[in-house]
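# Summary of structural features
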Amino acid sequence: MIRDITIGQYYPTDSVIHRLDPRTKLVWTLAYIFSLFLFRSFASYAVATILLITVIKISKVPFKFMVKGMKAVVILLLITVAFNLFLIPGTTLVQIWKLRITYEGLNTAVFMALRLTYLIIGSSVMTLTTTPNQLTDGMEKGLAPLNKIHVPVHDVAMMMSIALRFIPILLEETDKIMKAQMARGADFETGNLITKAKNMIPLLVPLFISAFRRANDLAMAMEARGYYGGEGRTKMRPLVYQKNDRIAYIILPLYLMAMFAAKKIVGV
Amino acid sequence: MKSIINIKKLIHDYQKYNEDGQVESTYRAVDEVSLDVQPGQFIAILGHNGSGKSTLAKHLNAILLPTEGSVYVDGKDTRDEEKIREIRQTAGMVFQNPDNQIIGTVVDEDVAFGPENMGVPSEEIEKRVEEGLKTVEMWEYRSHSPNKLSGGQKQRVAIAGVVAMHPKCIVLDEPTAMLDPVGRREVIRAARKLNKEEHVTIILITHYMEEVTFADQVIVMDQGKILMQGTPKEVFSRVEELKEHRLDVPQVTMLAHELRKSGLNIPEGILTREELIGELVKLKTTGATEGGAICP
């Protein structure tokens, strides 16, 4: 059923990682990505690998869910590896006909592949353990200081959460309109790309009209329930850092130091 | 007692603008309506499409403002900008389409939306959400996504959202129009419970006659004016008049009316099946001669 789809890829289970504050997870993910670019050495990457595996183990999310996110970028990954492998000049390792693999090329290609893989798996850990709502909440609270320079943080967060709420409703509506138009002889399947796009008009027009009507109703309902923007609002479950979050923040500089030390000491 | 809602000669005009932004035509949706509601009452407003009942409802929450006349909610004028927050807290509103009034992505988050707007402290919100959801018997669904609930359940969540704001009065604007019979019954039961147990004033707007037989007062609207006003018994006694205005009466009332027309000695304004059975049994035991052919 169309209404059963979940937005994002949240994997519902109970683990320490799931219970962390979304802000902690956001900061950690950013720091992790940052560290992958900053410390380009095999020893540092070994540290990053150990961390990633440990976090995945703690999160209780099956490993195959982590790899799922990789599918979308497999081609991009292969192209990057191929280009780096064959096109970077340097000392030749192997030469088959005109294709030359250099030591530098191999080195860059391996780093690129690892970096991309870790990037995706690393951010998957966050999206798999945090609901979209928690993420918006985390962003709202984490970015709150931007309010001072007149960035409408609350408004953007509110829009995001409303959008998330209406995605399944509008999908269902699309399905309904499609069936209604098909019953009247509309054709959404045949023809080339341009005719197909043209045939979408009887679907899109009613969908937009209905979306506007819904928006109008929703605005009225929000007003009736006393919504006047973010000022003076409280939260039922305000984000508060727990003991685990504090521990996570203590581990963060330790991890970065380990990355740095690994690069300095081992040197490759 | 001080009345909770006081409407004096309310007029509401909808204006239609042409392309230059000038008023092209006006349509009078509510025409000199006066109404007084006492705290704790259950009021039903009936009427078919375009009778002005929804427009009237939107005045009670200050979503619309009077063109002429005035509306007082708990003694506060809806035209007073500064009191709007208080008014919206006093008179909560439930709308027709359940999908378009649920804001949260989880049931309890949605119920918390109203209190959050009011700036209620966090622990207090938790309490209010629990209490609201328990009143409408939706507590077990607190961590569900609203998208997976039935229409009646969604509408009950919407009611809980209003209850959590602790209003003195709840206006339900055709809450059952998009629901199946089961959902309709659930919603009406929740509204009655609130009225009886919490003494919340309920204003129910509907076009289902069966839903209003237990109201304290029934108001029938037609073309922006109040056509009839009184207890359900009084209003539904005037079957012929209601029919003239293309309005139905409950089936039982209709049956009793037809039986009376064909000669049975039954009073007008019968509202429930039990009442009709009682009357018929009475007829049989007294062995009434009238209409003996129909009821031997």
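Residues numbered from 1 in each chain as written. Chains lettered and ligands numbered in written order. Predicted model: local features only at pLDDT ≥ 70, side-chain atom pairs only at ≥ 80, totals over all residues.

## Quick notes on unusual backbone geometry
Convention followed: Runs of E in the DSSP output that reach at least two residues are strands. Runs of H or I that reach at least four are helices, and both are numbered from the N terminus.
One non-glycine residue, Lys9 of chain B, lies in positive phi territory at about 45°. Here Lys9 of chain B lies in strand β1 (residues 5-17).

## Considerations on the pairing of strand β4 (residues 68-73) of chain B
All names here are of chain B. As a reminder, the rule being used: Two strands qualify as a pair provided DSSP detects at least 2 bridges between them.
Judged from the five bridges that link them, β1 and β4 form a sheet pairing that is antiparallel. Pairing of Asn6 across the sheet is with Tyr72, part of β4. Between the antiparallel neighbours β4 and strand β5 (residues 76-77) lie two residues, among them Asp74 with a positive phi of about 50°.

## Considering the domain arrangement of chain B
Residues and elements named next belong to chain B. The test is simple: An automatic or database domain assignment supplies the start and end points of every domain. We call two residues in contact when the distance between their C-beta atoms, placed using the backbone, is within 7 Å. The residue classification treats Ala, Val, Leu, Ile, Met, Phe, Trp, Tyr, Cys and Pro as nonpolar and Asp, Glu, Lys and Arg as charged. All others, Gly included, are polar.
Entries for chain B in the domain assignment read domain 1 (39-66 + 75-233) and domain 2 (250-291). Counting residues at the interface gives five residues for domain 1 and four residues for domain 2. For the side of domain 1 that touches domain 2, the class distribution of residues is two nonpolar, one polar and two charged.

## Some remarks on the UniProt feature "transmembrane region" (unreviewed entry) in chain A
All names here are of chain A. Quick note on the threshold: UniProt positions are given in the numbering used here, feature names are shortened, and annotations may be inferred rather than shown by experiment.
Mapped onto the present numbering, the UniProt feature "transmembrane region" (unreviewed entry) falls on residues 26-53, 73-97, 109-129, 149-171 and 247-266. Taken as a whole, residues 26-53 contains 89% helix and 0% strand, while its terminal C-alpha atoms sit 18 Å from one another. Helix makes up 100% of residues 247-266 and strand 0%, and the two end C-alpha atoms of the span are 28 Å apart.

## Here's the deal with the domain arrangement of chain A
For chain A, the domain assignment lists domain 1 (2-131 + 240-266) and domain 2 (145-224). Its C-alpha centre places domain 1 of chain A at a distance of 35 Å from the equivalent point of domain 2 of chain A.

## What about the confidence of the model for chain B?
Residues and elements named next belong to chain B. Heads up, the condition is: Summary of the metric used: pLDDT quantifies the predictor's per-residue confidence within the range 0 to 100.
Taken as a whole, chain B shows an average pLDDT of 86; of its residues, 96% reach a score of 70 or greater. Here residues 291-296 is a poorly scored stretch, pLDDT under 50, and it has nine contacts once near neighbours within four places are set aside; other chains count. In the predicted complex, the global pTM is 0.78; the interface-specific ipTM is 0.82.

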